[in-house]
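What the coordinates show
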Amino acid sequence: MNYSGKIFTAAAALVLCCSNIFAQEQNPQDTTAAPKPAVSENAPMYRNDGAPRLYHIRNVNVHGVQYLNPDILKSSAGLIEGDSIYLPSNFISNAISRLWSQRFFSDVKIGAEIEGDSLDLEVFLKERPRVYNWEFEGISKGKKKDLLEKLKLKRGSELSDYVIDKNQKLIKQYWAEKGFRNTEVGVRIDNDTLRPGQAVTVTFLIDRKSKVKIGKINFTGNEQFPDKRLRRTFKKTHQKSINFFKGAKLNESDYENDKELLIDFYNSKGYRNATIVSDSIYPINEKRLGIDIDVSEGNKYYIRNVSWVGNSVYETDDLQRMFGVKKGDTYDKKSMHKRLGIGKEENPEDMSVKSLYQNEGYLMSQIEPAEVIIAPDSIDIEVKVFEGKQFTINEVGITGNQRVDDEVIRRELYTRPGELYNRSLLMQTIRTLGSMGHFNPEAVMPDIKPVTNDLVNVNWPLEEQASDQFNIAGGWGSGTFVGSVGITLNNLSIKNTFKKGAWRPYPMGQNQRLSLSAQTNGTYYKAFAFSFTDPWMGGKKPNSFTLSAHFSEQNNAYYVWQSATQYFRTYGVAAGLGKRLNWPDPYFTFYAEANYERYNLKNWTGFVVENGNSNLLSLKLVLARNSVDQPIYPRRGSEFSASVQATLPYSLWDGKDYSDQSMSDQDRYRWIEFHKWQFKAQWFQGFLRNSNLVLMLKAEMGYLGSYNKNKVSPFQRFEVGGDGMSGYNIYGIDIIAMRGYEDGALDPSSYYSRGYNKYTAELRYPIILKPSSQIYVLGFLEGGNAFDSWKKFSPFRIKRSAGFGVRLYLPVVGMLGIDWGYGFDPPANSTTKSGSQFHFVLGQQF
């Protein structure tokens, strides 16, 4: 072989200090790679003097690749056919390093075949085995699924030490967050029997050990407050105690937040310079760990002087009155920042100095309190106000609405072009859009973009959700099974009925509501109901119009071939007008409804009237206020309504003596008369930083009065007790839910009740809050009672119950739920306490 003859080998390495033209390099951090072979000192040399020589790359051949693209590998390694390179140099060494860095290979070699001034590069690669399957041992199937999703493990990925080590750490972290801080994770790698050496199954061997809880939280350096008081400042980090409602596992993220709360507590008590000097977490034993926190409290500070700088829009006295901090007050950083509306204490719902400015268009206003220590225990506060310019709304955009017309959304907006920017109106718009039911209330958030130094665009990106409902249900009532079917269209558009292409599958877009329902048991009971509501009658003002009608019949034809000889029929129609009020605030509404009902009875025994007709003509007035932030899972706000429904007092002028016991029931009840009063109120308050834990308090009462004590209406009474649903209803009865008791169990007589009261406290927590479904759990305390006269009515004589439940909201069928309640007191006319009861819930109640 002559001087420029062929030289080829697959195991040589490029030595940078000489002219070897074969190279091999290994990744020192990867133990799965093959051992690096020794380089022979007698390896062939291209030139004895080691002078670099220019070569032309003729071909680059890749060997040993099965799953990867050779062209991409050549490009990523910088081995390009047609390029010229000098040898010896670090060119091949760099190419090998690039291939190693991809972590796809367990061995990388590059050799060359030289012919004159050209060469062919031979790249020998050994691919890592692919992971055919990921498995876990030592945990349940449910946890396996959680880990697969959390770790994002994919079949077909390459096996490497880096992947194994990373996932071992993530698995330990996963279990540490659940309190298993001593979890051990091993690995077993098995070759696939069908593809040995090419595919493996990786099994993580998990031993959770015992759950580790916080055994003790100790404080040092605290002289003003005992350890017990400081531990109470922690919201989620608790030491083990008899209170099993407080979890004792350690979560590092929660722990860091709780340390901030500790400093906030000191600041709120005047200790402005309080700090955590050091803290440590250490094992006490295999099941307990301890936390030691060393604090420096510093001096307690008081406010000496408060001054304001930069305010021209509002007088200093007005701002100072809202700030509420005066000379001699204890320094309380949290309260001061909350009243100023700055930092983490800023809440758009609360009134503050900053919101005062932003409600008048000063979008860029800034409030900065400066503190000057003038003594070991005194501070002067100078509040600097940067007012800026008033911003006017330039454009208001809406996106994301496919089914609801733009005009329907725009008429609900309180942010309009040409008006001053107002944060309170912005928050009101958020509540209004969230309560429409067509959009995901969790995602209603404006996009505010200043376009000049005095103009701002407000965009509303909306996420539509299904709002129509269709349900088929069955229930037990009056000793029989009653089936029902109903459909509610919440986005109907009457004006588009004859518009081409508007039926998708019905004409929609105007937020009009149509509801149709039917109930029957097949033969002797049937009921039909219809209602239509236009929230903006005429489309110009928020004046609603409602029209409804219903019909029901019960008879004695129990089989299809029978003819009824007895029946009880009810006909009804109602029309109402509603109006939004601007005073006392925009959350108030007023509603008036005229109602006519006719009760037709034939040989109907067991009721006040057996034969004849009874007529009911009434007017109902409702004053209501609703400021809740969303309808399905409210976190804040309140809702109340006060209503009165009354008929004409016919007995005052019809000349009949209703004290005459011989008067027939037909004459006595030909025209029904009454006055009916109802009051309902509920309040929501969210807790925790995300406000997900919600307390709901509710109170309600009702009373049915009469103009003449000898002509008390047998209709429009109350049935108190049970789940509040009725699968079987013939005439006007208001059904009042009272969990822990059977349906109607609190009514003092078989003729229902004339009055009731009820109080509820619920603590709610969400499991899922998504447009497709919302699920939350609740615990409740409830008390209420029913009465047959005003003299016996008492707000303090109540039957008590407690329990828990779950609610599931599906846009297609509405709200579903089940409650378990325990009644602590006997029902009406009983001496045995009600005890355990299950209740099913269908629909949202207020």
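As named in an unreviewed UniProt entry, the protein is Outer membrane protein assembly factor BamA, taken from Alistipes intestinihominis. Quoted verbatim from the Subcellular location (unreviewed entry) field of UniProt, the annotation for the protein is "Membrane".

1. What about the overall build of the protein?
Looking only at helices and strands, the protein features twelve helices and 35 strands. Compactness check: the protein gives a C-alpha radius of gyration of 39 Å against a globular reference of 28 Å for 846 residues, more than 25% above the reference. For the C-alpha atoms alone, the extent of the protein along its principal axes is close to 140 × 85 × 65 Å. In the protein, buried positions account for 44% of the 846 residues. Summarising the internal contacts of the protein: among those between residues at least 6 apart in sequence, 60% fall at separations of at least 24. Working note: accessible area of the protein is about 42,800 Å², and carbon and sulfur atoms make up 53% of it. Charge centroids of the protein, computed over 105 positive and 93 negative side chains, lie 4 Å from each other.

2. What about the nonpolar core?
Core analysis: the biggest nonpolar cluster contains 23 residues, and Leu-79, Leu-119 and Leu-121 have the highest contact counts within it. Of all the secondary-structure elements, those providing two or more residues to this core are β2 (53-63), α1 (70-77), β3 (84-87), α2 (91-101), β4 (105-115) and β5 (118-127). Apart from the residues within four sequence positions on either side, Leu-79 is in contact with Val-60, Lys-74, Phe-91, Ala-95, Ile-110, Leu-121 and Val-123. Grouped together as the second largest cluster of nonpolar side chains are 22 residues, Phe-607, Val-608, Val-609 and Ile-736 included.

3. Some words on unusual backbone geometry
Between Arg-504 and the following residue, Pro-505, the backbone shows a cis peptide bond with an omega angle of 0°. Mapped onto the secondary structure, Pro-505 falls in the loop between β19 (480-492) and β20 (512-520). In the segment running from Trp-583 into Pro-584, the intervening peptide bond is cis, with an omega of 5°. By secondary structure assignment, the location of Pro-584 is in the loop between β23 (567-580) and β24 (588-602). Its identity is not glycine, yet Asn-603 carries a phi of approximately 50°, on the positive side. Checked against the element boundaries, Asn-603 lands in the loop between β24 and β25 (612-626). Phi is positive for Tyr-752, which is not a glycine, with a value near 65°.

4. Some remarks on the sheet that holds strand β11 (residues 288-296)
Judged by pairing direction, the sheet is mixed, and its three strands sit side by side in the order β9-β11-β10 without closing on themselves. Looking at which strands have only one partner, the edges of the open sheet turn out to be β9 (213-220) and β10 (275-283). Sheet twist, expressed as the mean angle between neighbouring strand axes with direction ignored, is 15°. Pairing analysis gives eight bridges linking β10 to β11, with the strands arranged antiparallel. Each residue of the ladder has a partner; that of Ile-281, found in β11, is Ile-291.

5. Some remarks on a positive patch on the surface
Where like charges cluster on the molecular surface, the positive patch consists of Lys-228, Arg-232, Lys-235, Lys-236, Lys-246, Lys-334, Lys-338 and Arg-689. When you line up the elements, Lys-228 lands in helix α5 (residues 227-231). Residue classification places Lys-228 among the exposed positions, given a relative accessible area of 61%.

6. Concerning the packing of helix α3 (residues 141-151) against helix α4 (residues 161-176)
In contact at an axis separation of 11 Å, α3 and α4 are set at 125° when each is read in the N-to-C sense. By the criterion of interaxial angle, the relationship of α3 to α4 is oblique. In the packing of α3 onto α4, the handedness of the crossing is right-handed. Residues Lys-143, Asp-146, Leu-147, Lys-150 and Leu-151 of α3 form the contact with α4, whose own contacting residues are Asn-167, Leu-170, Ile-171, Tyr-174 and Trp-175. Taken together, the residues of the contact of α3 with α4 break down into six nonpolar, one polar and three charged.

7. Observations concerning the pattern of salt bridges
As enumerated under the stated definition, the model contains 41 salt bridges in all. Two residues, Lys-326 and Asp-329, come together in a salt bridge whose shortest N-O distance is 3.6 Å. You can call Asp-329 partly exposed: its relative accessible area is 21%. Note that Glu-762 and Arg-764 form a salt bridge whose closest N and O atoms lie 2.8 Å from each other. Here Glu-762 matches Arg-764 in class, with each residue buried. One salt-bridge network, in which partners are shared between bridges, spans Arg-739, Glu-762, Arg-764, Glu-782, Arg-807 and Asp-819.

8. Considering the side chain of Gln-512
Within the secondary structure layout, Gln-512 lies in strand β20. Taking the relative accessible area as the measure of exposure, Gln-512 reaches 9% and is therefore buried. Within the structure, the side chain of Gln-512 is placed 3.2 Å from the side chain of Asp-534, a separation counted as a polar contact. Those residues within four positions of Gln-512 in sequence are excluded, and the remaining contacts are Leu-489, Asn-490, Asn-491, Leu-492, Ser-493, Ile-494, Phe-532, Thr-533, Asp-534 and Pro-535.

9. Some details on a nonpolar patch on the surface
Taken together, Phe-687, Leu-688, Tyr-765, Ile-767, Val-777, Val-806, Ile-818, Phe-838 and Phe-840 make up a surface patch of nonpolar side chains, about 820 Å² in accessible area. Listed by contribution, the elements that provide at least two residues to the nonpolar patch are β31 (755-770) and β35 (835-842). Here Val-806 lies in strand β33 (residues 799-810). Here Val-806 falls in the partly exposed class, since its relative accessible area comes to 31%.

10. Quick word on the side chain of Arg-431
Mapped onto the elements of the fold, Arg-431 is located in helix α11 (residues 423-435). Residue Arg-431 is classed as buried on the basis of its relative accessible area of 11%. With residues near it in sequence (within four places) discarded, Arg-431 still touches Glu-349, Tyr-587, Ser-627, Val-628 and Asp-629.

11. Notes on the packing of α1 against α2
At a closest axis distance of 8 Å, the pairing of α1 and α2 adopts a crossing angle of 125°. Viewed along their axes, α1 and α2 adopt a mutual orientation that is oblique. Along the contact surface, α1 presents Leu-73, Ser-76 and Ala-77, while α2 presents Ala-95, Arg-98 and Leu-99. Residues belonging to the contact of α1 with α2 are distributed by class as follows: four nonpolar, one polar and one charged.

12. Topic: the sheet that holds strand β16 (residues 447-450)
Read across the sheet, three strands follow the order β15-β17-β16 without closing on themselves; strand pairing throughout is mixed. Two strands in the sheet have a free side with no partner beyond their single neighbour: β15 (392-399) and β16. For this sheet, the mean angle separating the axes of adjacent strands, direction not counted, is 20°. The sheet contact formed by β16 and strand β17 (residues 455-461) spans four bridges and is antiparallel.

13. Comments concerning the packing of aromatic side chains
Applying the stated criterion to the full structure yields 29 aromatic pairs. A centroid spacing of 5.8 Å and a plane angle of 25° characterise the contact between Phe-136 and Phe-204, whose relative ring orientation is stacked. One end of the pair, Phe-136, is in strand β6 (residues 130-137); the other, Phe-204, is in strand β8 (residues 199-207), with 68 residues separating them in the sequence. Phe-136 sits in the buried class, given a relative accessible area of 3%. The exposure class assigned to Phe-204 is buried, which follows from its relative accessible area of 0%. Ring centres of Phe-588 and Phe-640 lie 6.0 Å apart, and the angle between their planes is 75°; this geometry places the pair in the edge-to-face category. Remark: Phe-640 occurs in strand β26 (residues 636-647) and Phe-588 occurs in strand β24; sequence separation between them is 52 residues. Of the residues examined, Phe-588 reaches a relative accessible area of 11% and is grouped as buried. Phe-640 gets classed as partly exposed once you look at its relative accessible area, which sits at 24%. Put simply, the rings of Phe-225, Phe-265, Tyr-266 and Tyr-271 pair up and form one aromatic cluster. In this arrangement the basic side chain of Arg-208 is found over the ring face of Phe-180, its NZ or CZ atom lying 4.6 Å from the centre. When the ring centre of Phe-780 is taken as reference, the NZ or CZ atom of Arg-739 above it lies at 3.9 Å.

Cut-offs and rules
Residues numbered from 1 in each chain as written. Predicted model: local features only at pLDDT ≥ 70, side-chain atom pairs only at ≥ 80, totals over all residues. Heavy atoms only, no water. UniProt positions renumbered as here; feature names shortened; annotations may be inferred. Helix = DSSP H or I, 4+ residues; strand = E, 2+ residues; numbered from the N terminus. Rg over C-alpha atoms; globule rule 2.2 N^0.38 Å. Buried < 20%, exposed > 50% of the residue type's maximum accessible area, 1.4 Å probe, protein only. Contact = heavy atoms within 4.5 Å. Areas by Shrake-Rupley, 256 points an atom, 1.4 Å probe, with all protein chains shown as cover. Lys, Arg positive; Asp, Glu negative; His and termini not counted. Charge placed at Lys NZ, Arg CZ, Asp CG, Glu CD. Core = buried A, V, L, I, M, F, W, Y, C linked by side-chain atoms within 4.5 Å. Pairing = 2+ DSSP bridges. Axes fitted to C-alpha atoms, helices over the stretch in contact; angles between N-to-C directions. Patch = residues over 30% accessible without salt bridge, like charges linked within 9 Å, V, L, I, M, F, W, Y side chains within 5 Å. Salt bridge = Lys/Arg side-chain N within 4 Å of Asp/Glu carboxyl O. Parallel < 35°, antiparallel > 145°, perpendicular 65-115°, else oblique. Left-handed = near helix turned anticlockwise from the far one by under 90°. Nonpolar A, V, L, I, M, F, W, Y, C, P; charged D, E, K, R; others polar. Polar contact = N/O pair within 3.5 Å; in protein donor to acceptor, adjacent residues only side chain to side chain. Phe/Tyr/Trp six-rings, centres within 6.5 Å; stacked < 30°, edge-to-face > 60°. Lys NZ or Arg CZ within 6 Å of the ring centre and 35° of its normal.

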